[in-house]
Amino acid sequence: MTPIKITDPDDPRISAYRDVRERDLVGRQGRFVAEGKVVLNVLFGARRFETESVLILDKRLSGMEETLAAKPADAPLYVADQATMDAIAGFHIHRGILAIGAKRAPEDAGAMLAALPRDALVVALVGIANHDNVGAIFRNAAALGADAVLLDAASCDPLYRKAIRVSVGAALKVPYAVLGDAAAMFDALDAAGFEQLAMTPRDAEDLATIAPAGRQAIYLGAEGPGLPEDLMARMRRVRIDMETDFDSLNVAAASAIALHRLRGS
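Since the model is a prediction, treat every value here as computed from it, not as a measurement.

1. Regarding the nonpolar core
Right, so step 1: Within the largest apolar cluster, 51 residues are counted, with the highest numbers of intra-cluster contacts made by Val123, Phe138, Val149 and Leu172.
Right, so step 2: Discounting chain neighbours no more than four positions away, the residues touching leucine 172 are Phe32, Val39, Val42, Leu43, Ala46, Arg48, Phe49, Leu159 and Ile164.
Right, so step 3: Counting 26 residues, the second-largest nonpolar core is a separate cluster that includes Leu150, Ala192, Ala217 and Tyr219.

What follows is the structure in structure tokens.
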């Protein structure tokens, strides 16, 4: 496709890209921003989400040929110089590689879980509102073979711009569903036949003694408060063995260790 040159920051064709940081806060009405070559490779390759358009800094076009060859044919490719791109975004955007995607209809958690294989591994996030942690957990889920991620309504949207960037596109690849709260998450996993494991640093079995076995779900809570006690009372509690004078890992690091242990052969 021949690139379409944009010279006016107010061009209505690129309105979805305008004031990027402000829209991070107020929302994009069913859209999301993907940024960077690696993330666009995942967006175009996984095809879980529709690509509406692409906007690239003119000097970045060289070297993007292979990536753009995978772009959906009906998604227009816009190019702009640095000054125009900065005016569109509302700040100096040095990467200069963006795309607008359309969110899917919310996944039905029950149907998604039922369709997973017999030996499925699911990550369940409760109250994890930090964009970096959610993005990193999705990255670990993709790298270590998790089949899906469940989130409660208090957790960060995986399609928030920073979460997608930190996940290096994994949030666009790994299936996920959002439920109202942890109780609904437990009930959905229980109905789908999952053994449910709660990560906690205290009063728990050593993760190293837990073997991969059929359908399993590993729960992770926010750093600090962790998982609610009433939730953990309904499942096995597991911990990562560590030095006695320090009992905490970053939640994304903990997810990587747990997924590596439970991924199976």
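2. Points about the sheet that holds strand 10 (residues 205-206)
Right, so step 1: Ordered in space as 8-7-6-11-9-12-10, the seven strands form an open sheet in which the pairing is parallel. This sheet does not close on itself; its edge strands, each paired only once, are strand 8 (176-179) and strand 10.
Right, so step 2: Bridging between strand 7 (residues 148-152) and strand 8 involves four bridges; their strand directions are parallel. In the sheet register, valine 149 faces strand 8, and the bridge partner there is tyrosine 176.
Right, so step 3: Across the sheet, helix 10 (residues 251-262) touches strand 6 (121-126), strand 9 (195-199) and strand 11 (216-221), and the angle it forms with strand 11 is around 165°.

3. Focus: helix 10
Right, so step 1: Given a rise of 1.5 Å per residue, 12 residues ought to cover 16 Å, and the 16 Å separating the end C-alpha atoms of helix 10 matches this to within 8%.
Right, so step 2: Looking only at helix 10, the buried set comprises Val251, Ala252, Ala254, Ser255, Ala258, Leu259 and Leu262. The buried side chains of helix 10 occupy one side of the element, clustering within an arc of 150° when seen end-on.
Right, so step 3: Considering only its buried residues, helix 10 is in contact with strand 6, helix 6 (131-143), strand 9 and strand 11.
Right, so step 4: Capping the start of helix 10 is the job of one residue whose side-chain oxygen sits 2.8 Å from the backbone nitrogen of alanine 252: asparagine 250.

Rules used in this analysis
Residues numbered from 1 in each chain as written. Predicted model: local features only at pLDDT ≥ 70, side-chain atom pairs only at ≥ 80, totals over all residues. Heavy atoms only, no water. Core = buried A, V, L, I, M, F, W, Y, C linked by side-chain atoms within 4.5 Å. Buried < 20%, exposed > 50% of the residue type's maximum accessible area, 1.4 Å probe, protein only. Contact = heavy atoms within 4.5 Å. Pairing = 2+ DSSP bridges. Helix = DSSP H or I, 4+ residues; strand = E, 2+ residues; numbered from the N terminus. Axes fitted to C-alpha atoms, helices over the stretch in contact; angles between N-to-C directions. Expected span 1.5 Å × (residues − 1). Arc of directions from axis to C-beta. Polar contact = N/O pair within 3.5 Å; in protein donor to acceptor, adjacent residues only side chain to side chain.

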